[in-house]
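Okay, here's what each chain looks like letter by letter:
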Amino acid sequence: MTTQQLTEQIHKKKSFLCIGLDVDLNKIPEYLLNEEDPIFAFNKAIIDATHHLCVAYKPNTAFYEAYGLKGWKALEKTIMYLNVKHPEIFTIADAKRGDIGNTSRMYAKAFLEDLAFDSVTVAPYMGKDSVEPFLEFKDKHTILLALTSNQGAFDFQTKTIEGEELYKQVLKTSKNWENSENLMYVVGATKAEFLADIRKIIPEAFLLVPGVGAQGGNLQDVCKYGMGANIGLLVNSSRGIIYASNGKDFAQVAAQKAKALQTAMAQELK
């Protein structure tokens, strides 16, 4: 999917909502555990109830890898279901990979080719030769961790080195990598006050913004400081939507929570 196609979907749905599919078998409705594939059954119900309200889904791969082969199969079934039933929806493999070139090439193949995700999250710590293999795929996107929403982000990302914060150096350096037009960036919603400075460096790039909802991020602040001329935002909510209910009405309640965010987003797009 191209960024133009993604932008068109945002305007069509009046939404820049991304829903995180972080499936924990300890949190899903108990009756689903009787299903042959509880993880996929949960995901399918959430997707069926919310696909018209969001423009992206983001499975965090750790929640699938934790269940071994069954989890990986459920991830594969989920992405196949999305690609067949809702090809207009942007898909994100939240895998946070990043390794030496040959290993990164295999990670890129796994997520962008074999599983056919539209994008994958990548850590920049090892530099350009660990990221550029992901950028080689046409109409696929690499979402670079820039400034994350966790407390530990302050351990390194905001440290000043030679007069400039490290995350700003990451942003500036990444613009010079081959196929950098395929880059997007992760910026946590709890770091909304940093977005104005980030937009000075990457005014047009898409930002994936987790942390709205359960982590306390504020949608209005994210839009105020982070929205670009082409929108350029994917705001993610995971737990606040998918675990809003653990009863048989979980999908309907998830849709209600998604609708509330979509309505707020529509206001920001006016």
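Everything below is about the structure shown above.
Residues numbered from 1 in each chain as written. Predicted model: local features only at pLDDT ≥ 70, side-chain atom pairs only at ≥ 80, totals over all residues. Heavy atoms only, no water.

### Details of the packing of aromatic side chains
Phase 1 of the analysis: Counted by the stated rule, this structure contains 5 aromatic pairs.
Phase 2 of the analysis: Note on F40 and Y81: the rings are 5.9 Å apart at their centroids and 80 degrees apart in plane angle, and the pair reads as edge-to-face. Separated by 41 residues along the polypeptide, F40 in helix α2 (residues 38-50) and Y81 in helix α4 (residues 68-85) bring together distant segments of the chain.
Phase 3 of the analysis: Taking relative accessible area as the criterion, F40 reaches 15% and is therefore assigned buried.
Phase 4 of the analysis: One aromatic cluster in this structure is built from F42, Y243 and F250.
Phase 5 of the analysis: Residue placement shows K248 over the ring face of Y31; its charged tip is 5.4 Å from the ring centre. (Phe/Tyr/Trp six-rings, centres within 6.5 Å; stacked < 30°, edge-to-face > 60°. Helix = DSSP H or I, 4+ residues; strand = E, 2+ residues; numbered from the N terminus. Buried < 20%, exposed > 50% of the residue type's maximum accessible area, 1.4 Å probe, protein only. Lys NZ or Arg CZ within 6 Å of the ring centre and 35° of its normal.)

### Quick look at helix α12 (residues 250-268)
Phase 1 of the analysis: In this model, α12 (19 residues) spans 27 Å end to end at C-alpha, consistent with the 27 Å of a helix rising 1.5 Å per residue.
Phase 2 of the analysis: Regarding α12, the residues found buried are F250, A251, V253, A254, A255, A258, L261, Q262, M265 and A266.
Phase 3 of the analysis: The secondary structure elements touched by the buried residues of α12 are α1 (3-13), β1 (17-20), α2, α10 (219-226), β10 (233-237) and α11 (239-242). (Expected span 1.5 Å × (residues − 1). Contact = heavy atoms within 4.5 Å.)

### What to know about the pairing of β10
Phase 1 of the analysis: Across the 5 residues of β10, 5 count as buried, placing the element largely inside the fold.
Phase 2 of the analysis: Burial of β10 is two-sided: the residues L233, V235 and S237 facing one way and the residues L234 and N236 facing the other way are all buried.
Phase 3 of the analysis: As paired elements, β1 and β10 share 3 bridges and run parallel to each other. In the sheet register, C18 faces β10, and the bridge partner there is N236.
Phase 4 of the analysis: Relative to β10, strand β9 (residues 207-209) is paired through 3 bridges, and the arrangement is parallel. Bridged to L207 within β10 is L233. (Pairing = 2+ DSSP bridges.)

### Some details on the sheet that holds strand β3 (residues 90-97)
Phase 1 of the analysis: One closed barrel holds the 8 strands; their spatial order is β1-β2-β3-β4-β5-β8-β9-β10, and the pairing between them is parallel. Going from strand to strand, the sheet's axes swing by 30 degrees on average, the running direction of each strand aside.
Phase 2 of the analysis: Alignment of β3 against strand β4 (residues 119-122), held across 3 bridges, turns out to be parallel. Considered in β4, the bridge of A93 is made with V120.
Phase 3 of the analysis: Contacts from helix α8 (residues 166-174) reach β5 (141-147) and β8 (183-187), with the element oriented near 155 degrees to β5. (Axes fitted to C-alpha atoms, helices over the stretch in contact; angles between N-to-C directions.)

### Thoughts on the packing of helix α5 (residues 101-114) against helix α6 (residues 128-135)
Phase 1 of the analysis: Axis separation between α5 and α6 bottoms out at 8 Å; the angle between their running directions is 30 degrees. On the basis of the axis angle, α5 is roughly parallel to α6. Seen along the crossing, α5 lies across α6 with a hand that is right-handed. Counting all contacts with α5, which are made through G101, S104, R105, Y107, A108 and L112, the residues of α6 involved are D129, S130, P133 and F134.
Phase 2 of the analysis: Across the contact of α5 with α6, the residue classes break down as 5 nonpolar, 3 polar and 2 charged. (Parallel < 35°, antiparallel > 145°, perpendicular 65-115°, else oblique. Left-handed = near helix turned anticlockwise from the far one by under 90°. Nonpolar A, V, L, I, M, F, W, Y, C, P; charged D, E, K, R; others polar.)

### Side note on α6
Phase 1 of the analysis: Buried residues dominate α6, accounting for 6 of its 8 residues.
Phase 2 of the analysis: Along α6, the positions that sit buried rather than exposed are S130, V131, E132, P133, F134 and L135.
Phase 3 of the analysis: As for α6, its buried residues are in contact with β3, α5, β4, β5 and β8.

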